[in-house]
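# Summary of the model geometry
Listed here are the chains, written in short residue letters.
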Amino acid sequence: MSEETVETRGDERHDLIVGDTNQDGKADLWAADTDGDGKADLFQFDTDGDGKVDITMVDLDQDGNPDKVVDGDGGHAPEV
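Residues numbered from 1 in each chain as written. Predicted model: local features only at pLDDT ≥ 70, side-chain atom pairs only at ≥ 80, totals over all residues. Heavy atoms only, no water.

## Concerning the pairing of strand 2 (residues 29-33)
Summarising burial for strand 2: four of the five residues are buried, a large majority. Pairing geometry for strand 1 (residues 14-19) and strand 2, over five bridges, is antiparallel. Paired with I17 across the bridge in strand 2 is A31. One ladder, built from four bridges, connects strand 2 with strand 3 (residues 42-45); its direction is antiparallel. Bridge pairing in strand 3 links W30 to Q44. (Buried < 20%, exposed > 50% of the residue type's maximum accessible area, 1.4 Å probe, protein only. Helix = DSSP H or I, 4+ residues; strand = E, 2+ residues; numbered from the N terminus. Pairing = 2+ DSSP bridges.)

The structure is reproduced here in structure tokens:
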């Protein structure tokens, strides 16, 4: 896993969506707003079901396309 920290639009974290896509009872998808505008700009995925973030994407300009994709939580681990 990468130890790389990704830049986000702000310093807050408001989880807008927390999902259990494989229905195992544990969260594996997070979409968070980091600047308080109500729009998700931080997206995280647990792809192997171990409860830890495996992929982090940020959309700094909120155009729907990721500006940065890194392995791991990108320095922004969700509260599980």
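## Side note on the pattern of salt bridges
Where charged atoms from two side chains of opposite charge come close, those side chains can pair. Per the stated rule, a full pass over the model turns up four salt bridges. Between D35 and R9 there is a salt bridge, with the nearest N and O atoms lying 2.8 Å from each other. A residue pair is termed long-range when its members are at least 10 positions apart, and D35 in the loop between strand 2 and strand 3 and R9 in the segment before strand 1 qualify at 26 residues. On the basis of relative accessible area, R9 is assigned to the partly exposed category, the value being 35%. In this structure, R13 and D15 form a salt bridge, with 2.9 Å as the shortest nitrogen-oxygen distance. Overall, R13 belongs to the partly exposed group, its relative accessible area being 27%. D15 sits in the partly exposed class, given a relative accessible area of 33%. Salt bridges sharing partners connect three or more residues here, namely R9, D35 and D37. (Salt bridge = Lys/Arg side-chain N within 4 Å of Asp/Glu carboxyl O.)

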